[in-house]
Amino acid sequence: MKKNKNVPRAGGTASKSSQPVQPPPAAATAAKQPGPAATNGFKTFILLVASVISLLIFFGMEPNKMWLDQRIMPYWEDYKEQKLNLDVEERKLARYQTDYIFAKNVTGFFQKRGSADKALVLVPSTDYFNAHGLQIHVPEPAVFYYFTGLKTIWANSSEAGKANWYITARDGGLVFDSVTNQQALQDTIASFKKYKISL
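Residues numbered from 1 in each chain as written. Predicted model: local features only at pLDDT ≥ 70, side-chain atom pairs only at ≥ 80, totals over all residues. Heavy atoms only, no water.

Trainee: Which residues make up the pattern of salt bridges, and what values do they have?
Mentor: Counted according to the given criterion, the structure contains three salt bridges. With a closest N to O distance of 3.5 Å, Glu77 and Lys80 form a salt bridge. Placement of both Glu77 and Lys80 in helix 3 (residues 62-82) is noted, with a separation of three residues, approximately one turn of the helix. Taking the relative accessible area as the measure of exposure, Lys80 reaches 34% and is therefore partly exposed. (Salt bridge = Lys/Arg side-chain N within 4 Å of Asp/Glu carboxyl O. Helix = DSSP H or I, 4+ residues; strand = E, 2+ residues; numbered from the N terminus. Buried < 20%, exposed > 50% of the residue type's maximum accessible area, 1.4 Å probe, protein only.)

Rendered as structure tokens:
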């Protein structure tokens, strides 16, 4: 059986091979030192300044400035007012105004009859109402449904013949008629088509 021999090291002392060699103190200290924190903070500051300058240049250009003034800032002004009143109905009235009022009034008629979920209402265009002395803006069917859940349809739709109710103007008010005669419905569709349909 061989005996382990102690081999003298550079420092002249012998050590057993089973013990780990410790690194010199100077090397350990150098490995533990992190990079200067000031460099990272300075880089962050430079990026922040560059971002702010880029945004100022972007919004300083005429088309972008106009977009900011006409599209973004009005929403901010609305938010400052609406955050004071969180009632959903009042906020909808303030935002959508007459479109929402008209949609709610029409839907109210069918809700009282208990037929709002079964009705498909043919509604005339805004130009039709204006020609009959009513300042009503008619929301498009998708928006009408979004406001109230009532299904409406315009005369220029290929599905207009499926309507089971239609609205007309008479004597400064609205008249709701159920479809009892297909010929009367087709005549109503034809008369509505004479008026421009626009969003």
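Here the narrative resumes.
Trainee: Can you tell me about unusual backbone geometry, naming the residues and giving the values?
Mentor: The backbone of Gln97 sits at a positive phi, close to 55 degrees, despite the residue not being glycine. For Gln97, the location among the structural elements is in the loop between helix 4 (88-96) and helix 5 (98-113). At Asp171, a residue that is not glycine, the phi angle is positive and equals roughly 55 degrees. Along the polypeptide, Asp171 turns up in the loop between strand 5 (165-170) and strand 6 (173-178).

Trainee: Break down the pairing of strand 5 for me, citing the residues and quoting the values.
Mentor: The buried count for strand 5 comes to five of six residues, which makes it a mostly enclosed element. Of the strand pairs in this sheet, strand 3 (residues 120-122) and strand 5 are connected by two bridges, and their pairing is parallel. Paired with Val121 across the two strands is Trp165, which belongs to strand 5. Where strand 5 lies against strand 6, six bridges are found, and the strand directions are antiparallel. Along strand 6, the bridge assignment pairs Tyr166 with Asp177. Between the end of strand 5 and the start of strand 6, which pair antiparallel, lie two residues, with Asp171 showing a positive phi angle near 55 degrees. (Pairing = 2+ DSSP bridges.)

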